[in-house]
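# Summary of structural features
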Amino acid sequence: MESSATQNIELLFKDIYLAHWDTLFRIANKKIGYAPDAMDIVQETFVYVWQQFPSLHLEGADAKSFLVTCLYYRILGFLRARGLKEKHLQHFQSYLENELSIDPHHNTAEVEAELTAVNIAIMGELDRMPERMKQIFILNRYENKPIEEIARLYAISPKTVKNQLSEAMRRLKNFADSYPATSLLPLLLLFLED
């Protein structure tokens, strides 16, 4: 027969799991863009939390903040495995350490809302670019297609692809200068640079 303390731990973990699974899945799915991978990342996050659970003392808002931070580290690991460029991972790592540290005053909802607003702003700026420039940028920066493959796809020279990418980044940086102050926009632009 299980002890009362073990049953209490299992019930508390189950409550935290049920309360936060949907939120973590939405965040992971937004960052990864593929639901099965997002589900795996969320499950890995909860497996890690369960393994550490007796020593964590998670309650209330601290639980959500801790879970979101763990999730971002799992996303980081996933992106590393997918081959995201190392300097981008370092910027993401710094962001996690500085912005998402476990802090009772940390407001996950505000960070999520700001990230959403910045992503919408970037996509809006991309929509103002010539269609081919936009598509080249998305293929290279979001889908990790190499310059040579994009050049073949559009039947243009690799130098033309590089020029299009440079011009798109120049436009995004100019846009960033006029965007309301946020620490997230420059960070996201760093992810998109070479």
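For every chain, the first residue of the written sequence is number 1, and numbering continues from 1 onward in sequence order. Where local features are concerned, this predicted model is filtered to residues with pLDDT of at least 70; where side-chain atom pairs are given and counted, the filter is 80 or more; whole-chain, interface and lining totals use all residues. Computation of side-chain values: all heavy atoms of the structure, hydrogens and water removed.

### So, the confidence of the model for the protein chain
By definition, pLDDT measures how confident the predictor is in each residue, and it falls between 0 and 100. For the protein chain, per-residue confidence averages 75 on the pLDDT scale, and 65% of positions sit at 70 or higher. Numbering goes from the N terminus for both helices and strands, where a helix is a DSSP run of H or I of at least four residues and a strand is a run of E of at least two. The secondary-structure element of the protein chain with the lowest mean pLDDT is helix H4 (residues 86-99), recorded at 54, while helix H7 (residues 147-154) shows the highest, at 94. Here, two residues are considered to be in contact whenever any of their heavy atoms come within 4.5 Å of each other. Of the regions scoring below 50 in pLDDT, residues 102-106 engages in ten contacts with residues more than four places distant in sequence or in other chains.

### Comments concerning the pattern of salt bridges
For side chains bearing opposite charge, pairing can occur when the charged atoms are close. By definition, a salt bridge exists where a carboxyl oxygen of Asp or Glu is found within 4 Å of a side-chain nitrogen of Lys or Arg. Under the criterion given, the structure shown has five salt bridges. Between Glu167 and Arg171 there is a salt bridge, and its shortest N-O distance comes to 3.0 Å. Highlighted residues: Glu167 and Arg171, both in helix H8 (residues 158-178), separated by four residues, approximately one helical turn. Throughout, exposure labels follow a simple rule: accessible area from a 1.4 Å probe, protein chains only, divided by the maximum for the residue type, with under 20% read as buried, over 50% as exposed, and the rest as partly exposed. Overall, the relative accessible area of 26% leaves Arg171 in the partly exposed class.

### What to know about the packing of H7 against H8
Geometry of a packed helix pair, given as the angle between the helix axes and the separation of the axes. Helix axes use the C-alpha atoms of the stretch in contact, all axes being lines fitted to C-alpha atoms, and the angles between their N-to-C directions lie in the range 0 to 180 degrees. Packing of H7 against H8 brings their axes to within 8 Å, and their N-to-C directions diverge by 105°. By the angle class used here, H7 and H8 are roughly perpendicular. For the pair H7 and H8, the contacting residues are Ile147, Ile150 and Ala151 in the first and Pro158, Val161, Lys162 and Leu165 in the second. Any angle from 65 to 115 degrees is called roughly perpendicular, while one under 35 is roughly parallel, one over 145 is roughly antiparallel, and all others are oblique.

### Observations regarding unusual backbone geometry
The phi dihedral of Ala155 is positive, around 55°, even though this residue is not glycine. The topology assignment puts Ala155 in the loop between H7 and H8.

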